[in-house]
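# Architecture and fold: a report
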Amino acid sequence: MLWQVALAEGHALADTLYNNLPRTADHTNVPSAVFTSPPVSCVGYTETQARQVYGEIDVYVSKFTPLRHTLSKRDEKTFMKLIVDRKTDRVVGAHMVGADAPEIIQGVAIAVKCGATKKQFDSTVGIHPSAAEEFVTMRTKRE
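Residues numbered from 1 in each chain as written. Predicted model: local features only at pLDDT ≥ 70, side-chain atom pairs only at ≥ 80, totals over all residues. Heavy atoms only, no water.

Spelled out, the test is: UniProt positions are given in the numbering used here, feature names are shortened, and annotations may be inferred rather than shown by experiment.
Going by what an unreviewed UniProt entry lists, the protein chain is known as Glutathionedisulfide reductase and is assigned to Acanthamoeba castellanii. Comment text from UniProt for the protein chain, heading Cofactor (unreviewed entry), reads "FAD". Recorded in UniProt under Sequence similarities (unreviewed entry), the annotation for the protein chain is "Belongs to the class-I pyridine nucleotide-disulfide oxidoreductase family."

## Concerning the overall build of the protein chain
Here is the rule: The way it works is that DSSP assigns letters per residue, a run of H or I at least four long becomes a helix, a run of E at least two long becomes a strand, and they are numbered from the N terminus. Buried means the residue's accessible area, taken with a 1.4 Å probe over protein chains only, is under 20% of the maximum for its type, while exposed means over 50%, and partly exposed covers the values in between. It only takes one pair of heavy atoms within 4.5 Å for two residues to be counted as in contact. For accessible areas, the Shrake-Rupley method is used with a probe of radius 1.4 Å. Any residue's cover is judged against the shown protein chains and nothing else. When charges are tallied, Lys and Arg are placed among the positive residues and Asp and Glu among the negative ones, while His and the ends of the chain are skipped. To locate a charge, take NZ of a lysine, CZ of an arginine, CG of an aspartate or CD of a glutamate.
What the protein chain contains, in helices and strands, is 5 helices and 5 strands. Ordering the α and β elements of the protein chain from the N terminus gives α-β-β-α-β-α-β-β-α-α. Looking at the protein chain as a whole, 36% of its 143 residues are labelled buried. Sequence separation of at least 24 residues holds for 54% of the intrachain contacts in the protein chain that already meet a minimum separation of 6. Surface accessibility of the protein chain: about 9000 Å² in total, with carbon and sulfur atoms responsible for 57%. Mean positive and mean negative side-chain charge positions of the protein chain (17 and 16 charges, respectively) differ by 4 Å.

## Side note on unusual backbone geometry
Across the junction of Ser37 and Pro38, the peptide omega takes the value 5°, indicating a cis bond. Take Pro38: it is sitting in the loop between strand 1 (32-34) and strand 2 (40-44). Unlike most non-glycine residues, Asn20 shows phi in positive territory, near 55°. Phi at Asp89 takes a positive value of approximately 70°, unusual for a residue other than glycine. For Asp89, a relative accessible area of 28% puts it in the partly exposed group.

## Structural notes on the environment of Thr24
Its location among the elements puts Thr24 in the loop between helix 1 (2-18) and strand 1. Residues Thr24 and His11, spaced 13 residues apart in sequence, show a C-alpha to C-alpha distance of 9.0 Å.

## A closer look at the nonpolar core
Put simply, the test is: The term nonpolar core refers to a set of buried residues drawn from Ala, Val, Leu, Ile, Met, Phe, Trp, Tyr and Cys, joined through side-chain atoms within 4.5 Å.
Leu82, Ala94, Met96, Val108, Phe121 and Phe135 are the most contacted members of the largest nonpolar core, which totals 20 residues. Among the elements of the structure, strand 3 (57-64), strand 4 (78-85), strand 5 (91-97) and helix 4 (101-113) are those that each provide at least two residues to this core. The leading source of residues in this core is helix 4, at 6 residues. In this view, Phe121 contacts Leu82, Val91, Val108, Ala111, Ala116, Phe135 and Val136; residues no more than four positions away in its chain are not counted. Core analysis: the second largest hydrophobic core is formed by 6 residues, Ala50, Ile57, Val59 and Ile83 among them.

## Considerations on the packing of aromatic side chains
Our working definition: Each pair of aromatic rings taken from Phe, Tyr and Trp, with Trp reduced to its six-membered ring, is defined by centres within 6.5 Å and is described as stacked if the planes are under 30 degrees apart, edge-to-face if over 60, and tilted in the remaining cases. Only when the NZ atom of a Lys or the CZ atom of an Arg is both within 6 Å of the ring centre and within 35 degrees of the ring normal do we say a charge sits over the ring.
For the coordinates displayed, the defined rule picks out 1 aromatic pair. An angle of 80° between the planes, with centres 5.7 Å apart, marks the rings of Tyr45 and Tyr54 as edge-to-face. Lys118 extends its terminal NZ or CZ atom over the ring of Tyr60, reaching a point 4.4 Å from the ring centre.

Okay, structure coming up:
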């Protein structure tokens with residue numbers, strides 16, 4: 001999103017000009033969100049982009065009814081996707097459609113920015129019951 005880039009550049013510019021800390025903004029893996037109902041959020045590469053950059057990728061997908069809607073019988077679904085570079089096991093993209101997607105992707109963005117691997121996601125204990133835990137419990141690759 002343009003405002004996120006402007007904010008990051010603003011911090012870099014302020015540090016450079018006023019704090020004697022010369023730096024440039026890093027525009028890789030900037031998370032974004034569309035505040036619709038349900039919200040949509042992502043960080044990193046799309047499948048198409050990841051294939052162009054890394055060649056072979058693994059894609060993990062989950063579509064589910066959040067627990068809070070299971071009891072109420074509401075027909076709301078959440079969709080999540082992780083994109084992984086097959087050679088390095090690094091998570092290079094995360095996508096979500098569903099309640100709290102921007103909040104959840106903001107946390108996932110830190111892991112993506114730091115170069116976390118799928119193995120590290122898998123070894124993380126999820127907070128249960130939460131939708132966010134699905135990002136650390138996806139085990140089956142999409143064909």
